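# Coordinate inspection notes
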Amino acid sequence: MKSVLILNGPNLNLLGTRQPEVYGSQTLAMVEDSCRQHGEQAGLEVACYQSNHEGDLLDQIHAAKGKYDGIVLNAGAYTHSSIALMDAIYSVEVPTVEVHLSNIHARETFRHTSYIGRAALGQICGFGAFGYLMAIDALLQHHASREVS
Ligand code: CA2
């Protein structure tokens with residue numbers, strides 16, 4: 001495993017500006033920096049991208065095939081609505097870990113459903129920005145276990 005794409009969806013560019021009790025006080029730039037540092041320690045290249053547009057996120061997922069060994073995806077509110085993002089993850093076959101800062105299962109009922117979760121390797125939620133680092137480790141572990149088997 002050599003490279004990972006950290007992909008963030010709608011409104012996550014606003015991190016650190018409002019609702020720190022729900023999403024923490026770190027800005028997206030801070031979260032991305034700690035992902036880069038964490039990846040560097042494991043010899044990984046980490047690329048980061050954020051978009052508020054579903055089509056942009058789809059394009060990034062399509063372009064990840066053959067380019068990245070894994071995706072860490074916080075699709076924001078598209079998590080709960082986007083069959084298109086789910087289909088894209090299925091189709092590119094790039095191992096994807098779904099991340100949420102908040103515990104979506106402890107919030108409003110409409111946040112309990114994740115289309116992303118059907119196509120992802122797994123889901124990490126409720127651990128704030130640390131969840132992104134956990135997701136990188138989960139991808140590393142996923143690749144390591146496939147190399148020995
Ligand atoms: O907990 C998460 O990471 C979410 O993906 C965040 C999304 C929400 O729609 C999902 O249900 C769970 C919302 C991101 C909004 O982020 C903001 C942060 C600060 C200020 C305004 C928006």
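The sections below set out a description of the structure shown in this document. Keep in mind that this is a model prediction, so the values were computed, not measured.

## Observations concerning the overall build of the protein chain
A tally of regular secondary structure across the protein chain gives six helices and five strands. Reading the protein chain from its N terminus to its C terminus gives the helix and strand order β-α-α-β-α-β-α-β-α-β-α. Taking 2.2 N^0.38 as the reference for a compact globule, 149 residues should give roughly 15 Å; the C-alpha atoms of the protein chain span a radius of gyration of 14 Å, in line with that estimate. In the protein chain, once contacts between residues fewer than 6 apart in sequence are set aside, the share between residues at least 24 apart is 77%. Per element, the accessible surface of the protein chain, about 7,500 Å² overall, is 50% carbon and sulfur. Averaging the locations of the 9 positively and 15 negatively charged side chains of the protein chain gives two centres separated by 3 Å.

## Section: the pattern of salt bridges
Tallied over the entire structure, the rule returns three salt bridges. For D33, the salt bridge identified is with R36, shortest N-O distance 2.9 Å. With a gap of three residues between them, D33 and R36 both fall in helix 2 (residues 28–41), about one helical turn apart. In this structure, E108 engages R107 in a salt bridge whose closest nitrogen and oxygen atoms are separated by 3.8 Å. Here R107 falls in the partly exposed class, since its relative accessible area comes to 22%. It is possible to trace a salt-bridge network through shared partners that takes in R107, E108 and R111.

## Side note on the sheet that holds strand 2 (residues 45–50)
Sheet architecture is open: five strands sit in the order 2-1-3-4-5, paired in parallel fashion. A strand with exactly one partner marks an edge of an open sheet, and here the two such strands are strand 2 and strand 5 (122–125). The sheet shows a mean angle of 20° between the axes of neighbouring strands, taken without regard to direction. The pairing of strand 3 (residues 70–74) with strand 4 (residues 96–100) spans three bridges and is classified as parallel. Its bridge partner being in strand 4, I71 is matched across the sheet by T96.

## Here we look at the layout of surface pockets
Size it by volume and the largest pocket reaches roughly 390 Å³. P10, N11, L12, Q19 and Y23 are, among the 19 residues lining the largest pocket, the residues nearest its centre. Residues belonging to the lining of the largest pocket are distributed by class as follows: eight nonpolar, eight polar and three charged.

Reading the values: rules and limits
Residues numbered from 1 in each chain as written. Predicted model: local features only at pLDDT ≥ 70, side-chain atom pairs only at ≥ 80, totals over all residues. Heavy atoms only, no water. Helix = DSSP H or I, 4+ residues; strand = E, 2+ residues; numbered from the N terminus. Rg over C-alpha atoms; globule rule 2.2 N^0.38 Å. Contact = heavy atoms within 4.5 Å. Areas by Shrake-Rupley, 256 points an atom, 1.4 Å probe, with all protein chains shown as cover. Lys, Arg positive; Asp, Glu negative; His and termini not counted. Charge placed at Lys NZ, Arg CZ, Asp CG, Glu CD. Salt bridge = Lys/Arg side-chain N within 4 Å of Asp/Glu carboxyl O. Buried < 20%, exposed > 50% of the residue type's maximum accessible area, 1.4 Å probe, protein only. Pairing = 2+ DSSP bridges. Axes fitted to C-alpha atoms, helices over the stretch in contact; angles between N-to-C directions. 1 Å grid on protein atoms, 1.4 Å probe; cavity = no way out; pocket = protein on both sides within 12 Å on 5 of 7 lines; lining within 4 Å. Points joined across faces, edges and corners; volume = space filled by probe spheres on them. Nonpolar A, V, L, I, M, F, W, Y, C, P; charged D, E, K, R; others polar.

By themselves, these are just geometric observations and shouldn't be taken as functional.
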